[in-house]
Amino acid sequence: MSTAAPPRPELQCWQSVSRGRRALIRLATPADASRIRGLYREIYHGRYPLSIIYDLHETVESLHKDNYFWFVSEVNRQIVGSVIFCLDPEIQLAKVFGGVVRPEFRGFGLTEKAMSLGLRHLVEETQCAQSVYATARTVSPAPQKLLRKLGFRELGIFPNVRKIDNYETHCLTAYFKEGALGRRIARPRLPLLLKPFYDIVRRSTGIEDAQWRDIRISPPSPWGEAELGFELIEAKNFILSRWNKLKAEDKLRMQFFPFHEPNLMLVTEDQAAEIYIHYSKPDHHAVIIGGHESVPDLARLLNAVGLFLEEHGVRYLELLADAYHPGIIQKVMEARFLPSAYYPAMRWKHGKGRDYIVFSKTFTILDFKHIAARGLFSEYLREYFRLWKSLYIDF
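Predicted, not measured: the structure shown is a model, and the values here were computed from it. (Residues numbered from 1 in each chain as written. Predicted model: local features only at pLDDT ≥ 70, side-chain atom pairs only at ≥ 80, totals over all residues. Heavy atoms only, no water.)

## Regarding the layout of surface pockets
In this approach a probe as big as a water molecule rolls over the atoms, and the regions it shows empty are the leftover space.
1) Next: The volume enclosed by the second largest pocket comes to roughly 390 Å³.
2) Next: In this structure, the second largest pocket is lined by 20 residues; those nearest its centre are Arg-336, Lys-361, Thr-362, Phe-363 and Tyr-392.
3) Next: Breaking the lining of the second largest pocket down by element, the ones donating at least two residues are helix 8 (298-311), strand 17 (352-362) and helix 10 (376-392).
4) Next: For the lining of the second largest pocket, the leading source of residues is helix 8, giving four residues.
5) Next: Each residue belonging to the lining of the second largest pocket can be placed in one class, and the counts come to 11 nonpolar, six polar and three charged. (1 Å grid on protein atoms, 1.4 Å probe; cavity = no way out; pocket = protein on both sides within 12 Å on 5 of 7 lines; lining within 4 Å. Points joined across faces, edges and corners; volume = space filled by probe spheres on them. Helix = DSSP H or I, 4+ residues; strand = E, 2+ residues; numbered from the N terminus. Nonpolar A, V, L, I, M, F, W, Y, C, P; charged D, E, K, R; others polar.)

## A short note on the environment of Glu-125
1) Next: Position of Glu-125 relative to the elements: it lies in helix 4 (residues 110-125).
2) Next: A relative accessible area of 47% means that Glu-125 is categorised as partly exposed. (Buried < 20%, exposed > 50% of the residue type's maximum accessible area, 1.4 Å probe, protein only.)

## Side note on the packing of aromatic side chains
What describes a pair of aromatic rings is the distance from one ring centre to the other and the angle between the planes of the rings.
1) Next: Within the structure shown, the criterion is met by 15 aromatic pairs.
2) Next: The interplanar angle of 55 degrees and the centroid separation of 4.9 Å between the aromatic rings of Phe-256 and Tyr-356 together place this pair among those described as tilted. One end of the pair, Phe-256, is in the loop between helix 7 (236-248) and strand 12 (264-268); the other, Tyr-356, is in strand 17, and 100 residues separate them in sequence.
3) Next: For Tyr-356, a relative accessible area of 6% translates into the label buried.
4) Next: Three or more aromatic residues link up through ring pairs in this structure, and these residues are Tyr-133, Phe-176, Phe-259 and Tyr-343.
5) Next: Sitting over the face of the ring of Tyr-392, Arg-336 holds its NZ or CZ atom 5.5 Å from the ring centroid.
6) Next: Lying across the ring of Phe-256, Arg-347 places its NZ or CZ 4.2 Å from the centre. (Phe/Tyr/Trp six-rings, centres within 6.5 Å; stacked < 30°, edge-to-face > 60°. Lys NZ or Arg CZ within 6 Å of the ring centre and 35° of its normal.)

## So, the nonpolar core
1) Next: Ranked by internal contacts, the top residues of the largest apolar core, which has 86 residues, are Leu-190, Ile-277, Ile-288, Phe-337, Tyr-342, Tyr-343 and Phe-359.
2) Next: Leaving out residues up to four positions away in the same chain, Phe-337 has contacts with Ile-288, Leu-302, Leu-317, Leu-319, Val-332, Phe-359, Ser-360, Lys-361 and Leu-391.
3) Next: One finds Val-83, Val-96, Val-132 and Ala-136 within the second-largest nonpolar core, a separate group that totals 33 residues. (Core = buried A, V, L, I, M, F, W, Y, C linked by side-chain atoms within 4.5 Å. Contact = heavy atoms within 4.5 Å.)

## Things to note about the pattern of salt bridges
Two side chains with opposite charge may pair up if their charged atoms get near one another.
1) Next: For the structure shown, the criterion picks out 24 salt bridges.
2) Next: For Arg-120, the salt bridge is made with Glu-125, and the minimal N-O distance between the two is 3.1 Å.
3) Next: Given the relative accessible area of 40%, Arg-120 is considered partly exposed.
4) Next: Its salt-bridge partner being Glu-249, residue Lys-251 comes within 3.3 Å of it at the nearest N-O pair.
5) Next: The class for Lys-251 is partly exposed, based on a relative accessible area of 44%. (Salt bridge = Lys/Arg side-chain N within 4 Å of Asp/Glu carboxyl O.)

## Overview of the packing of helix 4 against helix 5 (residues 142-150)
1) Next: Contact geometry of helix 4 with helix 5 gives a least axis separation of 11 Å together with a crossing angle of 40 degrees. The orientation of helix 4 relative to helix 5 falls into the category oblique. Relative to helix 5, the crossing made by helix 4 is right-handed. When helix 4 is examined against helix 5, the residues Thr-111, Glu-112, Met-115, Ser-116 and Leu-119 are found in contact with a partner set consisting of Leu-146, Leu-147, Lys-149 and Leu-150. (Axes fitted to C-alpha atoms, helices over the stretch in contact; angles between N-to-C directions. Parallel < 35°, antiparallel > 145°, perpendicular 65-115°, else oblique. Left-handed = near helix turned anticlockwise from the far one by under 90°.)

## A look at the packing of helix 1 (residues 33-44) against helix 3 (residues 56-64)
1) Next: Contact geometry of helix 1 with helix 3 gives a least axis separation of 10 Å together with a crossing angle of 125 degrees. With respect to their mutual orientation, helix 1 and helix 3 come out oblique. Two packed elements cross with a definite hand, and for helix 1 against helix 3 that hand is right-handed. Across from Ala-33, Ile-36 and Arg-37 in helix 1, the residues of helix 3 making contact are Leu-56, Thr-59, Val-60 and Leu-63.

## Examining empty space enclosed by the protein
1) Next: Tallied over the entire structure, the rule returns four cavities of 30 Å³ or more.
2) Next: Reported here for the largest cavity is a volume of approximately 140 Å³.
3) Next: If you go around the largest cavity, you meet 15 residues; those closest to its centre are Arg-253, Met-254, Ile-288, Gly-290 and Gly-291.
4) Next: At the level of elements, strand 14 (285-293), helix 8 and strand 15 (316-322) are the ones that each hand at least two residues to the lining of the largest cavity.
5) Next: No other element matches the five residues that strand 14 contributes to the lining of the largest cavity.
6) Next: Across the lining of the largest cavity, the residue classes tally to 11 nonpolar, two polar and two charged.

## Comments concerning unusual backbone geometry
1) Next: Positive phi is not limited to glycine here, since Arg-19 has a value of about 60 degrees.
2) Next: Taking the relative accessible area as the measure of exposure, Arg-19 reaches 79% and is therefore exposed.

In structure tokens form, the structure reads like this:
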């Protein structure tokens, strides 16, 4: 299958809204950039956390790219809704995000219609994506209901992942191409501690049982050994150039986090390790994309990275680990990263999908008094607390 981005079609449709009016749902163009940003500014009062919105250069650049499909809803030449698809054709993965509608046009199915257009094109017609993932806010059940209606499966939950007005918990869901889950590589190999978590994923997706390893998870104290010191580098162009060079030389470990590029680098004082991170300053959210290291103890290294980033303002940290190396998963959990979501057949190569676990660590007090999680999401949340207790209290 070709990994080239699909040709940009004339994707559009009409949807009835209030007072006999109709909304044109279409692909946005660079000429729409200022009106799109105005929509998000109006809804979020200038506090939208993703740089694709608050950075004008990034907004315009994405509207020129072939792997972005940015749908807008337009009524009388006014943009009243927006939703964005982004495709990585090399790994056959897409994401949909940024859904927003002006209050007076909510309830007319604009986001649902735009998402249906994108899903049909990327998954069913061009077959460039084996799956499309989305996160949903939990301040109300409406986003979860919409994703479920469109055929998305529940994969996990991210406590305290974003902060706009208050810290928010989000849900992870994915829409799979028919038959994709049956073309994964061999069964995952997981520590036995994860069985209740994995069983929820199985009920959501229908995947088979894993191969279980009775591995003891024994988190050490982050302060138990001499602390690793880091130097912080924020030179974005240098970081990206260095990252691409090491990636080409196959010298990076766990070098995968889709749709993110590093903009922060930590280097140990003895230069034995380089850790590459994407950091979103507006909401203090960071992801570890990968690293080049010769530190013998991965748990010690991850503990040190977490302590350093917390001191520098990070409030939420994520990383991905594939589901076929229980020894690495053990070390990640011993650094007290909690499994938040499980994504089967996430990354594709040679016609086979590879499973990944999303691990997270929050540095703020968990607060769920405003959460509206339904169905399996509430089960993921309870399992998150069980694992938190296991790694922070019972070990």
